[in-house]
Amino acid sequence: MSNVYLNYIGGEWVPSASGETFESRNPAHPDQILGLFQRSNIADVDRAMEAAAQAQAGWAATPAPERGLILGRIAELLEERREDIARTITREMGKVYAEAAGFDTQAAINTARVMMGEGRRMLGQTVPSELRDKFAMVIREPIGVVGAITPWNLPILLPSWKLFPALLCGNTVVFKPAEDTPLVGTLLVQLLEDAGVPKGVVNMITGYGHEIGDRFVTHPAAQMISFTGSQAVGRLIASKAGGELKKVSLELGSKNAVIVMDDAEFDLALEGALWGGYGTSGQRCTAGSRVIVHEAIHDRFVEAFTERARQIKLGDGLDEGVQMGPLVNRKQLERVHGYIELGQQEGAKLVTGGRRLDDEMGGHFYAPTLFTDVTPDMRVAQEEIFGPAVCIMKAASFDGAIDLANSTDYGLSFGIYSGDVNRVFAAISKLQTGVVNVNSPTMGVEIGVPFGGVKNSGNGLRESGTAAVEEFTELKSVMVDYSGLHRRTGINEDVTEVKR
Ligand code: NAD
């Protein structure tokens, strides 16, 4: 019998009004069911939003340093439960344990710590007033109820980027984890409850986005929708929630590029490109899915890359020595394979991989794949494959490499390997992207800096670091006139004496 997990609304673990559940399965062993989860419906959305709305004033009135202490407790519990959480991440979405523990969970711990500190900052501003005997300042206030919708590929980090700053800033939250990772979402919410987050301040409903999404993103109680996921769903949410004049934050996909110049440290660039391409089986918004290599080292690089790609050990991410896990589900496997077939039809050269391994390995495994002879007009060079498929493109010059990198509608995490400081700074300036990595892989980000993309990778907001405080607060401008005079304009002499 599988465990049945519940929604969390108003501080209670409750079943969905639908009476229905859905399964979460292990992608490395699809016959293994991790649990049954509530298939929430519109009544559950309403209930969760109302619970969040009710709890909001009390939470907003709690001093920010006190809210920060709860964030500190969350960091401690994440440390204590790191192994259990990371093992669950691996079992539920497939990435290898070292990534689940060392990046996903660690980044959530770091986020909680940064946010604990923000409880004593949340800086506003004072500005010089235009008038004598007047004081002007800007203070930060919570937005209200935040609806948070997350994908499955970083199932603890991405919720932490939304929930932790939203809560720290005095908002209450309704969280909908991805349907592929409801167990990790449940572990996180259990942890928040154990850390002392008051009833109704965080609420979670599990279920299918296409069934409850419309009500979720247009619910009158929600003042902000914070979404990370695909461009297609992001556009839908932007139009629906935007139509209701809600604040909408979108972190979407990308087709990242890493440039490898002829003056790069060859082995360093090779390691970075392999990790950027095949880490998390390529299922990262920051995956280095395009590698743009200078023609002087192109053939040597392709040869070395191919040799290493063929040696990658696939398997259950909990097994010793495994370097790459399965894709998250069968649909994703089919999608990736469809792109590989498309790439060949478009004229790209399949150098290695291009094979489904589900029959021989049991789980949703796909061979690390490399295309060369890729040109910018091909769909495999433009669209996010979200699998272990790297496109190597050849550039004749530095400027040509920059043009190739910028030749997509996306711009999230780009990079350059070069030993020439002039080229590095020129690349930092010319790459159209939200994040630049120099001599390091495109994947991953430091928690202290803002994260987000340009072009179609987002809508201009930033998560992570102190930028998250800007994202999850409203600014209130306050002017205090202590002159005792009635002043109709901004001219000091334009005064009317008011009798006291
Ligand atoms: P997805 O867009 O299919 O789903 C994301 C979430 O949206 C899920 O929780 C899903 O249930 C929900 N959803 C689906 N339809 C909805 C609807 N109509 N209304 C409301 N919610 C709905 O994406 P995915 O396949 O889970 O994740 C992969 C995508 O996420 C990739 O494109 C990847 O690049 C992107 N991503 C972006 C970042 C970033 O920070 N920029 C980080 C990680 C992943």
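Criteria and thresholds
Residues numbered from 1 in each chain as written. Predicted model: local features only at pLDDT ≥ 70, side-chain atom pairs only at ≥ 80, totals over all residues. Heavy atoms only, no water. Domains from an automatic or database assignment. Contact = heavy atoms within 4.5 Å. Buried area = accessible area lost by both parts, 1.4 Å probe. Polar contact = N/O pair within 3.5 Å; in protein donor to acceptor, adjacent residues only side chain to side chain. Helix = DSSP H or I, 4+ residues; strand = E, 2+ residues; numbered from the N terminus. Nonpolar A, V, L, I, M, F, W, Y, C, P; charged D, E, K, R; others polar. Pairing = 2+ DSSP bridges. Axes fitted to C-alpha atoms, helices over the stretch in contact; angles between N-to-C directions. Patch = residues over 30% accessible without salt bridge, like charges linked within 9 Å, V, L, I, M, F, W, Y side chains within 5 Å. Areas by Shrake-Rupley, 256 points an atom, 1.4 Å probe, with all protein chains shown as cover. Salt bridge = Lys/Arg side-chain N within 4 Å of Asp/Glu carboxyl O. Near = heavy atom within 4 Å. Parallel < 35°, antiparallel > 145°, perpendicular 65-115°, else oblique. Core = buried A, V, L, I, M, F, W, Y, C linked by side-chain atoms within 4.5 Å. Buried < 20%, exposed > 50% of the residue type's maximum accessible area, 1.4 Å probe, protein only.

Novice: A description of the domain arrangement of the chain should follow, citing residues and the corresponding values.
Specialist: Per the domain assignment, the segments of the chain are domain 1 (7-252 + 458-477) and domain 2 (257-438). Across the boundary between the two partners, domain 1 contributes 21 residues, which contact 26 residues of domain 2. Taking both sides of the interface into account, the surface hidden between domain 1 and domain 2 amounts to around 1900 Å²; carbon and sulfur atoms contribute 61%. Along the contact surface separating domain 1 from domain 2 lie seven residue pairs in polar contact (both at pLDDT 80 or more). Of all the secondary-structure elements, those providing two or more residues to the side of domain 1 that touches domain 2 are strand 4 (29-38), helix 3 (82-93) and helix 4 (97-118). Its residues assigned to classes, the side of domain 1 that touches domain 2 comprises 10 nonpolar, five polar and six charged.

Novice: Describe the sheet that holds strand 21 (residues 473-481), listing the residues and the values that go with them.
Specialist: Sheet architecture is open: three strands sit in the order 5-6-21, paired in antiparallel fashion. Strands at the two margins of the open sheet, each flanked by one partner only, are strand 5 (125-127) and strand 21. If you compare each strand with its neighbour and ignore which way they point, the axes differ by 20 degrees on average. Note: strand 5 against strand 6 (residues 134-142), three bridges, orientation antiparallel.

Novice: Quick one: what's the story with a nonpolar patch on the surface, residue by residue and with numbers?
Specialist: The grouping of Val-421, Phe-425, Ile-428 and Val-438 at the surface amounts to a nonpolar patch, some 350 Å² of accessible area in total. Its location among the elements puts Val-421 in helix 15 (residues 421-430).

Novice: Account for the site of the ligand, with residues named and values stated.
Specialist: The immediate surroundings of the ligand are formed by 28 residues, with Thr-150, Glu-179, Ser-230, Leu-252 and Glu-384 found nearest. With respect to the ligand, the side chain of Ser-230 contributes an N or O atom lying 2.6 Å from an oxygen atom. Taking 850 Å² as the accessible area of the ligand by itself, protein coverage stands at 90%. Looking at the shell around the ligand, the elements with two or more residues in it are helix 7 (209-218), strand 10 (222-228) and helix 8 (231-243). Considering only residue class, the shell around the ligand consists of 15 nonpolar, nine polar and four charged. A domain split of the shell around the ligand shows at least three residues from each of domain 1 (7-252 + 458-477) and domain 2 (257-438).

Novice: Quick rundown of the packing of helix 4 against helix 5 (residues 157-168)? Include the residues and the values.
Specialist: Running from amino to carboxyl end, helix 4 crosses helix 5 at an angle of 10 degrees, the nearest separation of the two axes being 9 Å. By the angle between their directions, the pair helix 4 and helix 5 is classed as roughly parallel. Within the contact between the two elements, helix 4 uses Phe-103, Asp-104, Ala-107, Ala-108, Thr-111, Ala-112, Met-115 and Glu-118 and helix 5 uses Leu-157, Ser-160, Trp-161, Phe-164, Pro-165 and Leu-168.

Novice: Could you give an account of the nonpolar core, naming the residues involved and the relevant values?
Specialist: Judged by nonpolar contacts, the single largest core of 52 residues is most densely connected at Ile-74, Leu-78, Ile-156, Leu-163, Phe-164, Val-173 and Leu-192. For this core, the leading source of residues is helix 2 (residues 64-80), giving seven residues. Residues within four places of Leu-192 in sequence aside, it is in contact with Ile-74, Leu-163, Phe-164, Leu-167, Val-197 and Val-202. With 31 residues, the next largest nonpolar core counts Ile-292, Tyr-366, Ile-385 and Ile-416 among its residues.

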